[in-house]
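Structural overview for review
Okay, here's what each chain looks like letter by letter:
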Amino acid sequence: MDWRAIDLHGAASISRVVGLFEVCDMRGIPWTKYKIKVLEQGSQDFLAVPNVCVKDANGNPDWIAGLGRTETEALQDLITRLGETLDSRTDWQEEDFEWSDPQDF
């Protein structure tokens, strides 16, 4: 039986973690690295989520994700999006970022 066909007994959805990546980035991220978790969703598409985000102008976390039809496409989409954000400034400070709960990764 395929995992997507499992009876969820009322749960809304199920995803499978297919990859965990560590990215070294010297453009301003505190501690110079972050993690990305890639999930395969029941709909057979992929979602990549980072453990860090940049805060918006009001100081609110602006979480982004990557989407794709494959694990690699989702990973590339997120790295591209986050890279564009990091390239938009050169004066990043630690308080410009928010980290996810370590238990999420």
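Use the structure listed above.
Residues numbered from 1 in each chain as written. Predicted model: local features only at pLDDT ≥ 70, side-chain atom pairs only at ≥ 80, totals over all residues. Heavy atoms only, no water.

Some thoughts on the sheet that holds strand 7 (residues 97-99)
With antiparallel pairing, the 3 strands of this open sheet are ordered in space as 5-4-7. Strands with a single pairing partner mark the edges of an open sheet, and in this sheet they are strand 5 (61-62) and strand 7. (Pairing = 2+ DSSP bridges. Helix = DSSP H or I, 4+ residues; strand = E, 2+ residues; numbered from the N terminus.)

With respect to the state of the cysteines
Within the structure shown, the criterion is met by 0 disulfides. A disulfide-free cysteine, Cys 24 has its sulfur positioned 19 Å from the sulfur of Cys 53, the nearest such atom. Assessed through its relative accessible area of 63%, Cys 24 is described here as exposed. Among the residues examined, Cys 53 registers a relative accessible area of 2% and is labelled buried. (Disulfide = S-S within 2.5 Å. Buried < 20%, exposed > 50% of the residue type's maximum accessible area, 1.4 Å probe, protein only.)

Examining the nonpolar core
Ranked by internal contacts, the top residues of the largest apolar core, which has 16 residues, are Ile 29, Tyr 34, Ile 36, Val 38, Ala 48, Leu 86 and Phe 97. If you list the elements that add at least two residues to this core, you get strand 2 (33-41), strand 3 (46-50), strand 4 (52-55) and helix 1 (71-87). Looking at which element gives the most residues to this core, the answer is helix 1, with 5 residues. Filtering out sequence-adjacent residues up to four positions away, Ile 29 remains in contact with Tyr 34, Val 52, Leu 86, Phe 97 and Trp 99. (Core = buried A, V, L, I, M, F, W, Y, C linked by side-chain atoms within 4.5 Å. Contact = heavy atoms within 4.5 Å.)

So, the pattern of salt bridges
Counting across every chain of the model gives 9 salt bridges. Asp 2 serves as the salt-bridge partner of Arg 4, at 2.9 Å between the closest nitrogen and oxygen. Residue Arg 4 is classed as partly exposed on the basis of its relative accessible area of 25%. The partly exposed category is assigned to Asp 2, whose relative accessible area is 38%. We note a salt bridge from Arg 4 to Glu 40, for which the minimum N-O separation is 2.3 Å. You can see Arg 4 sitting in the segment before strand 1 (15-24) and its partner Glu 40 sitting in strand 2, a full 36 residues away along the chain. (Salt bridge = Lys/Arg side-chain N within 4 Å of Asp/Glu carboxyl O.)

What about the sheet that holds strand 6 (residues 66-68)?
Spatially, the 4 strands line up as an open sheet ordered 1-2-3-6, and their pairing is antiparallel. Because the sheet does not close on itself, it has two edges, and the strands there are strand 1 and strand 6. Pairs of neighbouring strands in the sheet enclose a mean axial angle of 20 degrees, with direction left out of account. Relative to strand 3, strand 2 is paired through 5 bridges, and the arrangement is antiparallel. Across the sheet, residue Lys 37 finds its bridge partner in strand 3, namely Val 49. (Axes fitted to C-alpha atoms, helices over the stretch in contact; angles between N-to-C directions.)

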